[in-house]
Structure formats: structure tokens, C-alpha cells
Amino acid sequence: MLSRTADHLFWMARYIERAENTARMLDVNVQTALLPQDADNAEQGWRAMLSICELQEAYSRRHASITPEAVIDFMVKDPGNPSSIYCCLQAARENARAVRGALTTEVWETNNTTWLELKKLFAEGVVERDPTEFFEWVKFRSHLSRGVTIGTMLKDEAFRFIRLGTFLERADNTARLLDVKFHSMPFNPLATSLSSEDPHSDYYHWAAILRSVSAFEIYRKVYRDVITPERVCELLILRDDMPRSLLASINEVCNNLETIRNSYSAGTERRAGKLRAELLYNQIDDILHMGLHAYLTNFLERVNDLGNRISKDFLVPLEYQ
């Protein structure tokens, strides 16, 4: 496969997944903003999300203060923010159009329709009227795109690059979603430090986290007990049967790398395999002792390194993008 084609397929999938995960992250903040809390804590939640997404500086250039309405507008509709849902779905559509011949008609039409419907929803003011309804729409369109891809495309290299992009992006975004809770917070090595002084608020926050990754029912099925931060972290980091966990995502990255390997990719495979092994044999107590924020920061750095190496091994060199 031509590296240019692989590049478009890889980034099409990453942008679709990024749009979905941005919607999930925003939805968590919208839900937790409804909990009783003072203004400073509410603002800190939105500030933490911008910081973890590495967008605080870009946001500050456009807005004088942090408000829920301004952050949602910046993360959803701002064409000057490359990570906004608008820009992600636009980029996904443009990448799909560039390799129209490598996609089935159903995959192309799904992505094109998503872009057209997005502009219609913006014109109707859905984001301002009911953000949660809009976030659910973004998630549904992402699910539809993945389902059509799996259901209609030949399982060849084109399919593997799409899946590789999807799961690399998912690993990155699940880690960021978890880190929103702990960013800029002091950490006690004891696991009990994960609980806040207000157990009721803590419960509703973690329930919102679980719902945002479609894991609330899964948690009940696996643990059959009250929601605790430690178990939520275990589910979203170390459970390979949880579809959006870090381990499940890295498993898929490794499997797809193995399928498309070339003469340059052995080092990338080794790094991905080492990260999978650490997740596979780690214990949640060890992660919490290290500090969840520190662990997730290290994980994000390694996922970013994998993305750079995949680009170097398979895709268009950066200077030609």
C-alpha cells in the first residue's frame, strides 16, 4: 500500500475517534458540573480538561476567562482549534475523500453524511440548547462509522491502518479522560487517597466517568458492588475485556502492527509489546502507589512516541504532510 494512502486512512480513523472522545470528555464535565460544588472547583474541572488536552494556551488567546459555555464552544465549534469536534470531523471527511477508492461506498457515505449533519446541527443551535444531546449524536456517528468499517471492508492493509489509528487514539484519550480527575491534585501513596472528602460527590463523579465510556453496566456486571475509584481505574486501565481500557486498546495496536509489519517496524513493535506486557502484568495497587497522574502522564508520552514511530515506519514523513 502507498504510504500516502495509509496516512489518510490512519488519520481518518484517529480524527473520528478523537471527535468521539472529545465529546465523552466534555460530557463528563457537563455532568459533574451539575453536582453541588463551589465556583472555584467547577472552574478547576474545565481548566484541568483544557490543560490535559494541551489547549489551555490556545484557549487563553481567544477567551479572557474560563466558563462552561466558552469551553464547550471552543472544544466543539471553534475552527481555529484543530482538536475541536468541528475540525476533527472535517479532517476525517477530507482524509476519507482523499482515499475514496480505498473505502467502501458505505464507509464514505457515513463519514460524508456525518459532516453534512454536523453543519445542520450547528445551524439549529443544538449545542447551545442541549450539549448532552449533541455529544450523544457524535458518539453515535462514531459507532456507526466503526460498525460500517468492520461490516463492509475487506480485512486487508487498508482496514488494518484504520484500526491501528482508532485504537492508538482511544488509548490516548481514555488516559486523558481518567487524568481529568487527578490533574494538578496532590497524591497520597495510599489507595484511599483517591476518595474525596465528600463520598456522595465522589460516587456521582465516578459514575459519570463510567457512563462516559459506556462502562457503567460493565462495572456492575464485573464487580457487583459499590463504585470505588480503585476499581474504576482497574477497569479502565488493566481489564483486557473492557473495550475502551488501556490494555484492550494497546492489545489491538500490537495485533494490527504485527499484521502490517515491514522491515522498519521491529523497534516500534518492541515498544508496543513492552507497553502491553507492563499493562498485562501490572497491579492496580502498584499504579496507585506510583501515583495515577504520574502513571498516566508516562503512558501518554509512550503512546505519543508510538504514534511518531508508526508515522516514521509506515506513513508519509512529517515534512511532506
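Here, every reference points to the structure presented above.
Residues numbered from 1 in each chain as written. Predicted model: local features only at pLDDT ≥ 70, side-chain atom pairs only at ≥ 80, totals over all residues. Heavy atoms only, no water.

### Digging into the overall build of the protein chain
Using the following cut-off: Counting from the N terminus, the helices are DSSP H or I runs at least four residues long and the strands are E runs at least two residues long. Burial classes follow relative accessibility: with a 1.4 Å probe on protein chains only, a residue under 20% of its type's maximum area counts as buried, one over 50% as exposed, and anything between as partly exposed. A contact between two residues is defined here by any heavy atoms of the two lying within 4.5 Å. Only the protein chains shown count as cover for residues, and all accessible areas are computed by the Shrake-Rupley method using a 1.4 Å probe.
Counting its secondary structure elements, the protein chain contains 16 helices and zero strands. Looking at the protein chain as a whole, 54% of its 321 residues qualify as buried. Of the contacts made within the protein chain by residues no fewer than 6 positions apart, 67% connect residues no fewer than 24 positions apart. If you sum the accessible surface of the protein chain, you get close to 15000 Å²; carbon and sulfur atoms cover 51% of it.

### A few points about helix H11 (residues 216-223)
What counts is decided by this rule: Along the arc lie the directions from the helix axis toward the C-beta atoms.
Along H11, the residues classified as buried are Phe216, Tyr219 and Tyr223. Axial view of H11: buried residues confined to an arc of 55°, hence all on one face. Exposed residues pointing more than 90 degrees away from the buried face of H11 are listed as Glu217 and Lys221. Just past H11, the residue Arg224 takes up positive phi, approximately 50°.

### Describing the packing of aromatic side chains
Note the following rule: Any two rings among Phe, Tyr and Trp, with Trp reduced to its six-membered ring, count as a pair given centres within 6.5 Å; such a pair is stacked if its planes are under 30 degrees apart, edge-to-face if over 60, and tilted if neither.
For the structure shown, the criterion picks out ten aromatic pairs. On the numbers, 5.5 Å between centres and 90° between planes, the contact of Phe10 with Trp11 is edge-to-face. Under the relative-accessibility criterion, Trp11 is labelled buried at 18%. With a centroid separation of 4.8 Å and an interplanar angle of 40°, the aromatic rings of Tyr219 and Tyr223 are classed as tilted. One end of the pair, Tyr219, and the other, Tyr223, are both in helix H11, four residues apart, so they sit about a helical turn from each other. In this structure, Tyr219 and Tyr223 share a single accessibility class: buried. Three or more aromatic residues joined by ring pairs form one cluster here, namely Tyr86, Trp115, Phe122, Phe134, Phe135 and Trp137.

### Description of unusual backbone geometry
The phi torsion at Ser214 lies on the positive side, around 55°, for a residue other than glycine. Among the secondary structure elements, Ser214 is positioned in the loop between helix H10 (199-212) and H11. Owing to a relative accessible area of 43%, Ser214 belongs among the partly exposed residues under this scheme.

### Quick look at the environment of Lys155
Short version of the rule: As used in this structure description, the phrase polar contact means that two N or O atoms lie within 3.5 Å; if the pair is within protein, one of them must be able to donate a hydrogen and the other to accept it, and residues adjacent in sequence are counted only when both atoms belong to side chains.
Looking at the secondary structure, you find Lys155 in the loop between helix H8 (131-152) and helix H9 (157-179). Its relative accessible area of 46% is what places Lys155 among the partly exposed residues. In this view, Lys155 contacts Ile150 and Arg160; residues no more than four positions away in its chain are not counted. A distance of 3.4 Å separates a polar side-chain atom of Lys155 from the backbone oxygen of Met153.

### Let's talk about the packing of helix H6 (residues 105-124) against H8
Applicable threshold: Simply put, an axis is a line fit to the C-alpha atoms, just over the touching stretch for a helix, and the angle between two N-to-C directions goes from 0 to 180 degrees. Working definition: roughly parallel below 35 degrees, roughly antiparallel above 145 degrees, roughly perpendicular at 65 to 115 degrees, and oblique for all remaining angles. Gly is placed with the polar residues, together with every amino acid not listed as nonpolar (Ala, Val, Leu, Ile, Met, Phe, Trp, Tyr, Cys and Pro) or charged (Asp, Glu, Lys and Arg).
Packing of H6 against H8 brings their axes to within 9 Å, and their N-to-C directions diverge by 170°. Judged on the interaxial angle alone, H8 and H6 are roughly antiparallel. The residues of H8 that touch H6, namely those facing Glu106, Val107, Thr110, Asn111, Thr113, Thr114, Glu117, Leu118, Leu121 and Phe122, are Phe134, Trp137, Arg141, Leu144, Ser145, Val148, Thr149 and Thr152. Looking at the contact of H6 with H8 residue by residue, the classes come out as eight nonpolar, seven polar and three charged.

### Some words on the state of the cysteines
Counted only if it meets this: Defined by distance alone, a disulfide is two cysteine sulfur atoms within 2.5 Å.
According to the stated counting rule, one finds zero disulfides in the structure shown. Between Cys87, a cysteine without a disulfide, and Cys88, which holds the nearest cysteine sulfur, the sulfur-to-sulfur distance is 7.2 Å.

### Some thoughts on the nonpolar core
Generally speaking, a soluble globular protein has its nonpolar side chains buried in company with each other. The condition is simple: Remark: nonpolar core denotes a set of buried residues (Ala, Val, Leu, Ile, Met, Phe, Trp, Tyr, Cys) joined through side-chain atoms within 4.5 Å.
Core analysis: the biggest nonpolar cluster contains 105 residues, and Met75, Val76, Phe134, Leu236, Ile237, Leu279 and Phe299 have the highest contact counts within it. Top contributing element to this core by residue count: helix H1 (residues 3-32), with 14 residues. In contact with Leu279, not counting residues within four places along its chain, are Ile237, Leu238, Leu246, Leu247, Ile250, Tyr295 and Phe299.

### Re the side chain of Ser245
Within the secondary structure, Ser245 sits in the loop between helix H12 (229-238) and helix H13 (246-260). Relative accessible area serves as the criterion here: at 0%, Ser245 is assigned to the buried category. Reaching out from Ser245, the side chain makes a polar contact with the backbone oxygen of Arg239 at a distance of 2.6 Å. In contact with Ser245, not counting residues within four places along its chain, are Leu235, Leu236, Ile237, Arg239 and Asp240.

### Some words on the environment of Arg270
Of note, Arg270 is situated in helix H14 (residues 266-281). For the pair Arg270 and Cys254, spaced 16 residues apart in sequence, the C-alpha separation works out to 9.2 Å.

### Focus on H13
To keep it simple, the criterion reads: Expected span of a helix, by definition, is 1.5 Å for each gap between consecutive residues, and there is one gap fewer than residues.
If you check H13, its first and last C-alpha atoms are 21 Å apart, about what 15 residues at 1.5 Å a residue would give, namely 21 Å. Taking burial as the measure, the 15 residues of H13 include eleven buried ones, the bulk of the element. Listed as buried for H13 are Leu246, Leu247, Ala248, Ser249, Ile250, Asn251, Val253, Cys254, Asn256, Leu257 and Ile260. Here the buried face of H13 lies against H9, H12, H14 and helix H16 (292-314).

### Some details on the packing of H11 against H12
Running from N to C, H11 and H12 cross one another at 105°; their axes reach a closest spacing of 11 Å. In terms of orientation, H11 and H12 fall into the roughly perpendicular class. Along its contact with H11, which presents Ile218, Tyr219 and Tyr223, the element H12 presents Arg231, Val232, Glu234 and Leu235. The residue makeup of the contact of H11 with H12, split by class, is five nonpolar, no polar and two charged.

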